[in-house]
Amino acid sequence: MRKAVTLRRGPLSFQINLRVIGVLLGLLAVTLGVMIINMGLGEFPIAPVDVLKTVLGLGTGEYDFIVGTLRLPRNFVAFFVGGGLALSGAILQGLTRNPLAAPDVIGITHGANLGAVAVLILAPTAPLIALPGAAIGGALAAATITYTLAWKGGTAPIRLILVGMGIASALQALTTLLLTHGNVIVVSQAMVWITGSVYGRSWEHLARLLPWLVVAIPAALLLARHANALQLGDDIARGLGARVERNRGLLLAISVILAGAAVATCGAVGFVGLMAPHIARQLVGPSQGGLFPVATVAGGLILVTADMLGRTLFAPIEVPAGVITAAVGAPYFLWLLFRSRNA
Amino acid sequence: MSTIRARTAPAAALMLGVLLLLACAAFSIAYGLMDIRLSTIYEALTGFNASPEHYIVRTVRLPRALIAATVGAALAVAGAIMQALTRNPLAAPGVLGINAGASLAVVAAMFLLNTASLSVYAWFAFLGAALAAVLVYSLGSLGRGGMTPLKLTVAGAALTALFSSITQGLMVLNERTLDEMRFWMAGSVAGRDMTLFLQVLPFLGAGLLGAFVMGKQITTLSLGEDVARGLGQRTGWIKAGAALIVVLLAGSAVAVAGPISFIGLAVPHIARKIVGTDYRWILPLSAVLGGILLLLADIGARAVLRPQEVAVGIMTALLGAPFFIALARQGVKKT
């Protein structure tokens, strides 16, 4: 049996691994299952069958508001935000050849946080659209500064990580400055934002998130081939004829857009960008063409599950999804550090 | 002759540093919303007459200057020892997650025990600092090739991310914790309780003293573990002792002032520029320079947004980021 199908047309070359297809379908099925359960749970429980009927438009209309207006968009937003963060992390890990890189380690998330917190605290009356705009702007600015400062006749991955850490700490300090000077009610809102939550996300949020993903995800898949070359090290990649700096810059930009758009929608949900790529690597191996889509879906699944747990574990109190991902991600992270000890 | 000169230069630097430290402390006491003359400060210390100026000096300004100088010294010495021990120019309590671990322990104690007693915090700060130190060291030295600067730094960043996200989670869950802790989390030496400081002082003093006594051993260790062992040093014990000192110093600094970065990272580099590679001189000079730097940062924190104050931890973090980036650009060896 053939393990992979290769598609070639002009400059594009794409290898489709059959195992990847299987894993993707499996993950999507699990995600759908979790979503349906998640939509049934809550203050007003609904049987999974009724949820399914309502979503497919076969229902009695009794649950249209709860499912269609409240719970369905929230689940979609969780899925896509998780996916965006995961893909961003997968790209960064390949780019830096470091299994611990993630948007929340090298300062991208911190930039988005600073932008969002500045709007929340300094301009609480600003229109809703200002928040995601500031978040994406902050992420882009942070990444640009990092990239520029890490440039020294080229960007070595180590420098990228270390400089990113430095930028992260400066941005963190500025965010803290705002947090200590704001009114405590606004600050508490800002803290929820920093922790990340999908509470009350609507179709409108989804509509603002999707355009970014529609551009960035296919672009990442098209560049997967170059990301593979970069993983071998700069010298080998150059020897293979890859334009190392251009590809690295492009991939970094895509990663920032994904993380920025995700954080702009739901706040800085931690550890998804770190965990999902590792899970994907376990499932389909390190080739980026398969890793990218699988990591995306795995990230979506993680955030939908985290949202479900956050809503139900301490009901009626709702714990932000970001607290759940941190609680699960932290031990996982330690284990990762332990496992990558020979890297 | 040459040995005498080799000792007079660092000794002169140290003396000069002490004088500068005193000058900064005096300025820190004098400067504020209400400027106080130096002669008044002297009177307040020698013959207290309960006038408003004297009252301000004794209850507000003097404790603040004392705490800033001591915390700065503790952080700088902790950083110097960490850099010698790990042979990593980027090592510091702030970078390797020690501060973040201590903060998490304090916030968790506040959240779980529901206590406002500051002396309880101190113990939790020690505990958190110790746990973080053990974790970062073992994670950074796992695997083939043992500890490398890069592995250690990344492990530190990873642990910092981990600790601070848990801290954030706790603060989101409890608004009271958030309101009380957000100022502490920023790192500040303003309005700190003198009793807490006096409670922590024995540990801090023991740490500093221990560091100065171990200067010779730490110098040997900074040459590398193999060399130190070849010179007959029992590296295991020395390392354990040095680690204990770091935990004492960083833990008490965090307990008093909250997490403050940059001092531990930058000061040892400056001290090494001045007196070379001998830790018998680097450590005391780091202590003095650390005190000066935190006093200056605190004065700056009062000056930039006058009449409002910025937390001094924010000032040091903003100063420290460019320094860290410059060091990172200079290059960290992979092995």
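Scroll up for the structure.
First things first, this report covers the structure right here in the doc. As the structure is a computational prediction, the values presented were derived from the model and not from experiment. (Residues numbered from 1 in each chain as written. Chains lettered and ligands numbered in written order. Predicted model: local features only at pLDDT ≥ 70, side-chain atom pairs only at ≥ 80, totals over all residues. Heavy atoms only, no water.)

### Structural notes on the overall build of chain B
Heads up, the rule is: By the criteria applied, helices consist of DSSP H or I runs no shorter than four residues and strands consist of E runs no shorter than two, each listed in order from the N terminus. Based on C-alpha atoms, the radius of gyration is set beside the globule rule, defined as 2.2 Å times the residue count to the power 0.38. What makes two residues a contact is simply this: any of their non-hydrogen atoms within 4.5 Å. Areas reported as accessible are Shrake-Rupley estimates using a 1.4 Å probe. Residue values count occlusion only from the protein chains shown. Neither His nor the chain termini are counted; the positive set is Lys and Arg, and the negative set is Asp and Glu. Positions of charges follow a simple convention, taking NZ of Lys, CZ of Arg, CG of Asp or CD of Glu.
Counting its secondary structure elements, chain B contains 14 helices and 0 strands. Each helix (α) and strand (β) of chain B, taken in turn from the N terminus, gives the series α-α-α-α-α-α-α-α-α-α-α-α-α-α. Relative to its length of 335 residues, chain B is compact, with a C-alpha radius of gyration of 20 Å against a globular reference of 20 Å. Projecting the C-alpha coordinates of chain B onto the three principal axes gives extents of approximately 65 × 60 × 35 Å. Put simply, 73% of the contacts in chain B that link residues at least 6 apart link residues at least 24 apart. Entry remark: accessible area of chain B is about 14,200 Å², with carbon and sulfur atoms responsible for 68%. Taking the average location of the 24 positive side-chain charges in chain B and that of its 12 negative ones, the two points are 15 Å from each other.

### Section: the packing of aromatic side chains
Residues and elements named next belong to chain B. Test applied: Aromatic pairing here means that ring centres of Phe, Tyr or Trp (its six-membered ring) are within 6.5 Å. Orientation follows from the plane angle: under 30 degrees is stacked, over 60 is edge-to-face, and everything else is tilted.
Scanning all chains against the criterion turns up 9 aromatic pairs over all chains. Here W123 and F203 contribute two aromatic rings whose centre-to-centre distance is 5.3 Å and whose plane-to-plane angle is 80 degrees, an arrangement assigned as edge-to-face. With a gap of 80 residues between them, W123 in helix α5 (residues 118–140) and F203 in helix α8 (residues 194–213) connect regions that are remote in the sequence. Every member of this aromatic cluster is reached through a ring pair, and the members are W123, F126 and F203.

### Looking at the interface of chain A and chain B
Counted only if it meets this: What counts as buried area is the accessible surface, traced by a 1.4 Å probe, that two parts surrender upon association, with contributions from both included. In what follows, salt bridge is the name for a side-chain nitrogen of Lys or Arg lying within 4 Å of a carboxyl oxygen of Asp or Glu. For the purposes of these results, a polar contact is taken to be a pair of N or O atoms within 3.5 Å, where, inside protein, one atom must be able to donate a hydrogen and its partner to accept one; residues adjacent in sequence count only when each atom of the pair is a side-chain atom. Classification convention: Asp, Glu, Lys, Arg as charged; Ala, Val, Leu, Ile, Met, Phe, Trp, Tyr, Cys, Pro as nonpolar; all other residues, Gly among them, as polar.
Taken together, the contacts link 45 residues of chain A with 42 residues of chain B. Between chain A and chain B the total buried area reaches about 3,700 Å² when both faces are included, carbon and sulfur atoms providing 76% of it. At the boundary of chain A and chain B, one finds 0 salt bridges. On the surface where chain A and chain B come into contact, there are 2 residue pairs in polar contact (both at pLDDT 80 or more). Per element, the largest residue contribution to the side of chain A that touches chain B is 16 residues, and it comes from helix α6 (residues 157–181) of chain A. Among the residues making up the side of chain A that touches chain B, the classes are represented as 30 nonpolar, 12 polar and 3 charged.

### So, the packing of helix α1 (residues 18–40) of chain A against helix α3 (residues 64–96) of chain A
All names here are of chain A. Here is the rule: Axis definition: a line fitted to C-alpha atoms, over the contacting stretch in the case of helices. Angles run 0 to 180 degrees between N-to-C directions. Crossing handedness: left-handed means the near helix sits turned counterclockwise from the far one by under a right angle, and right-handed means the same turn made clockwise.
In contact at an axis separation of 10 Å, α1 and α3 are set at 145 degrees when each is read in the N-to-C sense. Read as a crossing pair, α1 and α3 show a hand that is right-handed. Across the interface between the two elements, L28, T31, M35, N38, M39 and G40 of α1 pack against V67, R71, L72, N75, F76 and F79 of α3. Here the residues of the contact of α1 with α3 sort into 7 nonpolar, 4 polar and 1 charged.

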